[in-house]
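So you can see what is in the structure, the chains are spelled out below.
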Amino acid sequence: MNATKQLLKNHLALLLLLSAVLCGGCTHVAYRRDAPPILTQEELLRPYQKVGTIEVHRVRYGAREDLTPADYNWANDALRAEAAKIGADAVILPEVKVEMDTFIFFPKSEMTARGTAIKFH
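No experiment lies behind these values; they were computed from the predicted model shown. (Residues numbered from 1 in each chain as written. Predicted model: local features only at pLDDT ≥ 70, side-chain atom pairs only at ≥ 80, totals over all residues. Heavy atoms only, no water.)

Enquirer: Break down the pattern of salt bridges for me, citing the residues and quoting the values.
Expert: A full pass over the atoms with the stated rule returns 6 salt bridges. We note a salt bridge from Arg 114 to Glu 55, for which the minimum N-O separation is 2.3 Å. Taken together, the positions of Arg 114 in strand S4 (residues 106-120) and Glu 55 in strand S2 (residues 48-61) put the pair 59 residues apart, joining distant regions of the chain. Of the charged contacts, one joins Glu 99 and Lys 97 as a salt bridge, the two residues approaching to 3.3 Å between their closest N and O atoms. Taking relative accessible area as the criterion, Glu 99 reaches 44% and is therefore assigned partly exposed. (Salt bridge = Lys/Arg side-chain N within 4 Å of Asp/Glu carboxyl O. Helix = DSSP H or I, 4+ residues; strand = E, 2+ residues; numbered from the N terminus. Buried < 20%, exposed > 50% of the residue type's maximum accessible area, 1.4 Å probe, protein only.)

Here's what the structure looks like:
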């Protein structure tokens, strides 16, 4: 009986690990070619007004060292997609923050990207 419980426990841990790996990169952003650009302060040559603050979140499993440029590209693309939804002309002051945590035994990171959506006059 003890051997059966131990075997079941081992299989449960393996199943949890497999689920975490498979769901780690499931977030998809519908990228639009005509989405507003992300601009730096130097690129702002016309007057504008703030439309709103945009924030997007993504949870991924893996260590901080596993973050790639593609993860940061996701953040920028997600900000642009959200800005397009509200009719903004551009996004300024983008910030990407990564917080590390542990889910059961597996490292997980939550990415939060925030930016300001603007409309030109």
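Enquirer: So, helix H2 (residues 69-85): which residues are in play, and what are the values?
Expert: Between its first and last C-alpha, H2 extends 25 Å over 17 residues, near the 24 Å set by a 1.5 Å rise per residue. Those residues of H2 that sit buried are Asp 71, Trp 74, Ala 75, Ala 78, Leu 79, Arg 80, Ala 81, Ala 83 and Ala 84. In the stretch just after H2, Gly 87 is the one whose phi turns positive, near 80°. (Expected span 1.5 Å × (residues − 1).)

Enquirer: Go over the environment of Ala 88 with me, naming the residues and quoting the values.
Expert: Of note, Ala 88 is situated in the loop between H2 and strand S3 (90-103). Given a relative accessible area of 9%, Ala 88 falls into the buried group. When the C-alpha positions of Ala 88 and Ala 117 are compared, they lie 5.7 Å apart, and in sequence the two are 29 residues distant. With residues near it in sequence (within four places) discarded, Ala 88 still touches Pro 36, Ala 83, Ala 117 and Ile 118. (Contact = heavy atoms within 4.5 Å.)

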